[in-house]
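Structural overview
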Amino acid sequence: MKTLYKVALHSVKTMLLTSMLAFSTGALSASLPTLVDDFSNATDNNLGLPRQLMSDTVAGGNTSSEVDIAAGVMRLKGDIVPPRGQPGWASSILPLGNMGEPEDASQYKGIQLLIKIHSGNLSISANSTEVDNFDYHSAPISVPSDGTFHQVKIPFESMKRGWSEQTHLNPATLNSLSIIAYAMQPAPFDFEIDEVRFY
């Protein structure tokens, strides 16, 4: 399972943010709010920044996905159809700063989600401007598929890089969070997110 996870991360992270706006090394934000997204807005997170959706179609895959936001919950589901010889993936990206600028989350211990997984493998990454090869610090999201929402806390110190030399995650340099569904073989995925915040 660890091998699958690392292989999937390698491909996902290489392609994940290639269509995002260029990163900036501008000044760090003075205070990043605790709440990132409660999905009360159809297009923007609570920081006033538009969510982004990406999939392996940018790398030759045929993954399909659909998103629905209603009653403060985002549901993302679809079918992963990986590119040949690579894992397939679909990602929801929550920007933290304008134009990819880094934001300072060092006053927090980690990321907290309220999530319900119906099917599929999920991970979350904290995307730092100090990482230049898309191998961002990440962690799997594991909850029972029991039809209920679960609160999950991911400490920053538990997040690891997939294939690069392990480095300390600097939470003062985050420009986005990514929630990623992935699989090595064709497979459905279906999950709902009620809230994403720092804790």
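Report on the accompanying structure. (Residues numbered from 1 in each chain as written. Predicted model: local features only at pLDDT ≥ 70, side-chain atom pairs only at ≥ 80, totals over all residues. Heavy atoms only, no water.)

**Thoughts on the packing of aromatic side chains**
Scanning the entire structure with this criterion turns up three aromatic pairs. Taking the centre distance of 6.2 Å and the plane angle of 85° together, the rings of Phe-134 and Tyr-136 count as edge-to-face. When its relative accessible area of 23% is taken as the criterion, Phe-134 is described as partly exposed. Under the relative-accessibility criterion, Tyr-136 is labelled buried at 0%. Measuring from centroid to centroid gives 6.2 Å for Phe-156 and Phe-198, while their planes differ by 50°, and the two rings are tilted. Within this pair, whereas Phe-156 is found in the loop between strand 9 (150-155) and strand 10 (174-183), its partner Phe-198 is found in strand 11 (residues 187-198), the two being separated by 42 residues in sequence. In this pair, the class of Phe-156 matches that of Phe-198, namely buried. Of the aromatic side chains, those joined through ring pairs into one cluster are Tyr-108, Phe-156 and Phe-198. (Phe/Tyr/Trp six-rings, centres within 6.5 Å; stacked < 30°, edge-to-face > 60°. Buried < 20%, exposed > 50% of the residue type's maximum accessible area, 1.4 Å probe, protein only. Helix = DSSP H or I, 4+ residues; strand = E, 2+ residues; numbered from the N terminus.)

**Looking at the pattern of salt bridges**
According to the stated counting rule, one finds five salt bridges in the structure shown. Here Arg-75 ties to Glu-192 by a salt bridge, and the two come within 3.9 Å at their closest N and O atoms. With Arg-75 in strand 4 (residues 73-80) and Glu-192 in strand 11, this residue pair connects regions lying 117 residues apart in the sequence. Take Arg-75: its relative accessible area is 28%, and that puts it in the partly exposed class. Take Glu-192: its relative accessible area is 12%, and that puts it in the buried class. When the shortest N-O distance is used, the salt bridge between Arg-197 and Glu-195 registers 2.8 Å. Arg-197 sits in the partly exposed class, given a relative accessible area of 22%. If you follow the salt bridges from partner to partner, you end up with Arg-75, Lys-116, Asp-190 and Glu-192 in one network. (Salt bridge = Lys/Arg side-chain N within 4 Å of Asp/Glu carboxyl O.)

**What about the nonpolar core?**
Among the nonpolar cores identified, the biggest contains 36 residues, and Ile-111, Phe-191, Val-196 and Phe-198 are the most heavily contacted of them. Counting residues per element, the ones that place at least two in this core are strand 4, strand 5 (88-95), strand 6 (110-119), strand 7 (121-128), strand 8 (137-141), strand 9, strand 10 and strand 11. In contact with Ile-111, other than residues within four places in its own chain, are Ile-124, Ala-126, Val-152, Lys-153, Ile-154, Phe-156, Met-159, Leu-177, Val-196, Arg-197, Phe-198 and Tyr-199. With five residues, the next largest nonpolar core counts Met-54, Ile-93, Ile-180 and Tyr-182 among its residues. (Core = buried A, V, L, I, M, F, W, Y, C linked by side-chain atoms within 4.5 Å. Contact = heavy atoms within 4.5 Å.)

**Side note on the side chain of Asp-56**
Within the fold, Asp-56 resides in the loop between strand 2 (52-55) and strand 3 (64-70). Among buried Asp, Glu, Lys and Arg side chains, Asp-56 stands out as unpaired, with Arg-84 the closest opposite charge at 14 Å. The residues contacting Asp-56, other than those within four sequence positions of it, are Gly-61, Asn-62, Thr-63, Ile-80, Val-81, Pro-82, Pro-83, Gly-88 and Trp-89. (Lys, Arg positive; Asp, Glu negative; His and termini not counted.)

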